[in-house]
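Observations on chain architecture
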Amino acid sequence: MQPQNGGLYVDGTLGAGGHARGILEACAPDGRLLGLDVDPQALAIARKILAPYEHRIHLAQASYTSLSKQLEKIGWVAVDGIVLDLGASSMQFDTPERGFSFMEDAPLDMRFGPHVPQTAADLVNKLSERELADLIYRYGEERDSRRIARAIVRARPLHTTRELVSAIQAVSHRRGERLNPATRTFQALRIAVNEELASIEAVLPQAVEALTPGGRLAVISFHSLEDRIVKDFMRQQSRDLVNPPYERIYETERKATLKEVNRKPITPSEAEIQNNPRARSAKLRIAEKL
Ligand SMILES: C[S@@+](CC[C@H](N)C(=O)[O-])C[C@H]1O[C@@H](n2cnc3c(N)ncnc32)[C@H](O)[C@@H]1O
């Protein structure tokens, strides 16, 4: 992101404030940062960690999908950098009662924040077998989605992560695999509960709009579904659209708005993965506003 003294930056996924602190250090003494997170617990922790920079930060419990509105609220017309570190935080995974982890027994919650209208329990108990199978296939890229959906419907009502794990394990054929058989179903439910993919699609155009020319958008994704959206968006926006395909008649000719800084995503080194195994699937893509 190349933060500079005096610049304005946004961390749309504040978490525990690690990236925010790095940015604030790099744009000292006068750069400022807007930090957003939907999770009040994350925000409380970030607020403490970022206390030394109090006079240079604005923090809000809000979704990054409301980026334009949040910027308008504080009167920032254009910003120099935006970072999005997608998905759930280690803190959320490691708080058993949030229900993100299949290693712990907890209520099937998985909401990033209290504004999210439905929990994972609502989805597993209310959707039809077909809808569940589609959801697990689409958001979990799980080949056994039909079998798992059938097992879930048979085991209903399900209230806890352990009950869900047992239902999945009972029909799993792939015992020798490195991944726990519940991994993909948990990922799928988390994405669906929080409407994660739609949120990414909603924020990217707002981010481009908010950046000043030369400003950078940096996005870290953790699985192929997220990465595909980011990659496709950055690629499309990096090309002039001269002759829109006839099926997309709503699009008119437009000039490229971004330049990809790295065509291949930046991935963690072996040393970083050793230090933080959860980083292993991270991909960082950066684009610069033209
Ligand atoms: C991977 S963590 C970020 C960790 C952070 N970069 C740090 O340094 O600690 C992702 C964070 O994004 C938050 N989040 C997820 N969806 C969001 C959304 N739509 N708007 C704002 N925050 C969101 C989650 O609550 C979580 O705290």
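As a reminder, the structure under discussion sits directly above these lines.
Described below are features of the structure shown in this document. (Residues numbered from 1 in each chain as written. Predicted model: local features only at pLDDT ≥ 70, side-chain atom pairs only at ≥ 80, totals over all residues. Heavy atoms only, no water.)

1. A word on the nonpolar core
One finds Leu71, Val79, Ile82, Ile200, Leu204, Leu217 and Val219 to be the most contacted residues of the largest nonpolar core, which totals 32 residues. The element contributing the most residues to this core is helix α10 (residues 196–210), with seven residues. (Core = buried A, V, L, I, M, F, W, Y, C linked by side-chain atoms within 4.5 Å. Buried < 20%, exposed > 50% of the residue type's maximum accessible area, 1.4 Å probe, protein only. Helix = DSSP H or I, 4+ residues; strand = E, 2+ residues; numbered from the N terminus.)

2. Let's talk about the sheet that holds strand β6 (residues 258–260)
Two pairing modes exist for strands in a sheet, parallel and antiparallel, and in both the strands are linked by backbone hydrogen bonds. Taken together, the seven strands give an open sheet; going across it, the order is β3-β2-β1-β4-β5-β7-β6, and neighbouring strands pair in mixed fashion. Each edge of the sheet is formed by a strand with only one pairing partner; in this case those strands are β3 (57–61) and β6. The average angle at which neighbouring strand axes cross in this sheet is 15°, direction not considered. Of the strand pairs in this sheet, strand β5 (residues 211–221) and strand β7 (residues 283–289) are connected by six bridges, and their pairing is antiparallel. Counterpart to Arg216 in the pairing with β7 is Glu288. On the sheet, helix α3 (residues 67–74) packs against β1 (8–11), β2 (32–37), β3 and β4 (79–85) and is oriented at approximately 135° with respect to β2. Relative to the sheet, α10 contacts β4, β5, β6 and β7, its axis offset from that of β5 by approximately 150°. (Pairing = 2+ DSSP bridges. Axes fitted to C-alpha atoms, helices over the stretch in contact; angles between N-to-C directions. Contact = heavy atoms within 4.5 Å.)

3. Details of the packing of α3 against α10
Between α3 and α10, whose axes approach to 9 Å, the crossing angle comes to 35°. Within the contact between the two elements, α3 uses Leu67, Ser68 and Leu71 and α10 uses Val203, Gln206, Ala207 and Ala210. When its residues are assigned to classes, the contact of α3 with α10 shows five nonpolar, two polar and no charged. (Nonpolar A, V, L, I, M, F, W, Y, C, P; charged D, E, K, R; others polar.)

4. Things to note about the site of the ligand
Surrounding the ligand, one finds 21 residues, the nearest of these being Ala16, Asp37, Tyr64, Asp85 and Gln92. Between a nitrogen atom of the ligand and a side-chain N or O atom of His19, the distance comes to 3.0 Å. Gln92 is positioned with one of its side-chain polar atoms (N or O) 2.8 Å from an oxygen atom of the ligand. Relative to its unbound accessible surface of 600 Å², the ligand loses 91% to contact with the protein. Its residues assigned to classes, the shell around the ligand shows eight nonpolar, ten polar and three charged. (Near = heavy atom within 4 Å. Polar contact = N/O pair within 3.5 Å; in protein donor to acceptor, adjacent residues only side chain to side chain. Areas by Shrake-Rupley, 256 points an atom, 1.4 Å probe, with all protein chains shown as cover.)

5. Here's the deal with the packing of helix α6 (residues 129–140) against helix α9 (residues 183–193)
Packing of α6 against α9 brings their axes to within 8 Å, and their N-to-C directions diverge by 95°. Our classification of the angle between α6 and α9 gives roughly perpendicular. Between α6 and α9, the contacting residues are Leu135, Ile136, Tyr139 and Gly140 on the first element and Arg184, Thr185, Gln187, Ala188, Leu189, Ile191 and Ala192 on the second. Across the contact of α6 with α9, the residue classes tally to seven nonpolar, three polar and one charged. (Parallel < 35°, antiparallel > 145°, perpendicular 65-115°, else oblique.)

6. Considerations on the pattern of salt bridges
Tallied over the full model, the rule gives 14 salt bridges. Residue Arg147 is joined to Asp144 by a salt bridge in which the shortest nitrogen-to-oxygen separation is 3.4 Å. Arg147 gets classed as partly exposed once you look at its relative accessible area, which sits at 30%. Put simply, Glu288 and Lys259 hold a salt bridge, and the shortest N to O gap is 3.9 Å. (Salt bridge = Lys/Arg side-chain N within 4 Å of Asp/Glu carboxyl O.)

7. Considerations on the packing of aromatic side chains
Tallied over the entire structure, the rule returns three aromatic pairs. Summarising the aromatic geometry, the rings of Phe102 and Phe186 are spaced 5.6 Å apart at their centres and angled 80° between planes, so their arrangement reads as edge-to-face. Highlighted residues: Phe102 in the loop between α4 (90–93) and α5 (120–126) and Phe186 in helix α9, separated in sequence by 84 residues. Take Phe102: its relative accessible area is 22%, and that puts it in the partly exposed class. Here Phe186 falls in the buried class, since its relative accessible area comes to 3%. (Phe/Tyr/Trp six-rings, centres within 6.5 Å; stacked < 30°, edge-to-face > 60°.)

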